[in-house]
Amino acid sequence: MLSLIIALLATVAPPEGEKTWQGKLCAHDPGRNILVGADTYYSYGAAKVWAIRSDKLILVDQARLKGARDKTFYVNNEPVTLNGKTFVKYGLPRVLTAAELNPRPFGARDGVPFYLAKEDLGAEVAYLLTQPVGCEFQPYVVKR
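In this text, all values refer to a predicted model and were calculated from it rather than measured experimentally.

A. Examining the environment of Gln 62 more closely. Relative to the helices and strands, Gln 62 is located in the loop between strand E4 (56–59) and helix H2 (72–75). Each C-alpha atom of the pair Gln 62 and Val 49 lies 7.6 Å from the other, and the pair is 13 residues apart in sequence. Apart from the residues lying within four places of it in its own chain, the contact partners of Gln 62 are Ala 47, Lys 48 and Val 49.

Right, here's the structure in full:
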């Protein structure tokens, strides 16, 4: 029992000598088709991301961390049709946690999923993952 308590109290630190900041990560897991979140360390110099899982650091495959910042529809502020509704960009991107959103995508455009807030039963605002490291999402609202 004591070893379990010690394991729970142990802190995870980035590799020695890496200049990092601790933050959040949000990414779409295509295998399970859900949004997942994790605490992370991000290395400034090496552009590496480590997810903190079960008191271990796991180096994250950067190819799996795709956001929408370089997608043409996002850059050009194009409307997006999801499940029969047209959405338009609304305001500035905001930081959310994976826990604030429904984990299953509401829809997708050019392979990038949109999510709804857990309390949004009417599907009025959809959130596009723009930056996985830092959990940045761009809100889109139903066009009126």
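B. Representation of the sheet that holds strand E3 (residues 49–53) in the model. One open sheet holds the four strands; their spatial order is E1-E2-E3-E4, and the pairing between them is antiparallel. A single partner strand is all that each edge strand has here, and the edge strands are strand E1 (20–29) and E4. The average undirected angle you get between the axes of adjacent strands in this sheet is 40°. Taken together, the ten bridges between E1 and strand E2 (residues 34–43) define a ladder with antiparallel strand orientation. For His 28, the partnering residue across the bridge sits in E2 and is Leu 35.

C. Structural detail: the pairing of strand E11 (residues 136–142). Counted residue by residue, E11 has seven buried out of seven residues, so it is predominantly covered. Of the pairings in the sheet, the one linking strand E6 (residues 85–89) to E11 comprises three bridges and is antiparallel in character. Each bridged residue has a counterpart across the sheet, and for Val 88 the counterpart in E11 is Val 141. The sheet contact formed by strand E7 (residues 94–95) and E11 spans two bridges and is antiparallel. Paired with Val 95 across the bridge in E11 is Glu 136. Sheet topology places strand E10 (residues 125–131) next to E11; six bridges connect them, and they run antiparallel.

D. Geometry of the nonpolar core. Ranked by internal contacts, the top residues of the largest apolar core, which has 15 residues, are Phe 73, Leu 82, Phe 87, Phe 114, Leu 128 and Tyr 140. Listed by contribution, the elements that provide at least two residues to this core are H2, strand E5 (80–82), strand E9 (112–116), E10 and E11. For this core, the leading source of residues is E9, giving three residues. Within the second largest apolar cluster, eleven residues are counted, among which are Cys 26, Tyr 115, Tyr 127 and Phe 137.

E. Inspection of the pattern of salt bridges at higher detail. Per the stated rule, a full pass over the model turns up seven salt bridges. With its nearest N and O atoms 3.9 Å apart, the salt bridge here joins Asp 110 to Arg 109. Given the relative accessible area of 47%, Asp 110 is considered partly exposed. On the basis of relative accessible area, Arg 109 is assigned to the partly exposed category, the value being 23%. Across the pair Arg 144 and Glu 124 runs a salt bridge, and its minimum N-O distance is 2.3 Å.

F. Representation of the environment of Lys 143. Of note, Lys 143 is situated in the segment after E11. For the pair formed by Lys 143 and Lys 89, sequence separation is 54 residues and the distance between their alpha carbons is 9.2 Å. Leave out the neighbours within four places in its chain, and Lys 143 touches Thr 86, Phe 87 and Val 88.

Cut-off values and rules
- Think of each chain on its own: its residues are numbered from 1, step by step along the sequence as written.
- For a predicted model such as this one, the threshold for reporting local features is a pLDDT of at least 70, and the threshold for listing and counting side-chain atom pairs is 80 or more; totals across whole chains, interfaces and linings nevertheless cover every residue.
- Only hydrogens and water are set aside when side-chain values are computed; all heavy atoms of the structure are taken into account.
- By the criteria applied, helices consist of DSSP H or I runs no shorter than four residues and strands consist of E runs no shorter than two, each listed in order from the N terminus.
- The contact criterion used is simple: two residues touch if any of their non-hydrogen atoms lie within 4.5 Å.
- Any two strands between which DSSP finds at least two bridges are classified as paired.
- Throughout, an axis means a line fitted to C-alpha atoms (over the contacting stretch in the case of helices), and angles, computed between N-to-C directions, take values from 0 to 180 degrees.
- Categorising residues by exposure relies on relative accessible area from a 1.4 Å probe, with only protein chains included: less than 20% of the type maximum marks a residue as buried, more than 50% marks it as exposed, and the intermediate range marks it as partly exposed.
- By nonpolar core we mean a set of buried residues, namely Ala, Val, Leu, Ile, Met, Phe, Trp, Tyr and Cys, connected to one another through side-chain atoms within 4.5 Å.
- Whenever Lys or Arg places a side-chain nitrogen within 4 Å of a carboxyl oxygen from Asp or Glu, that contact is recorded as a salt bridge.

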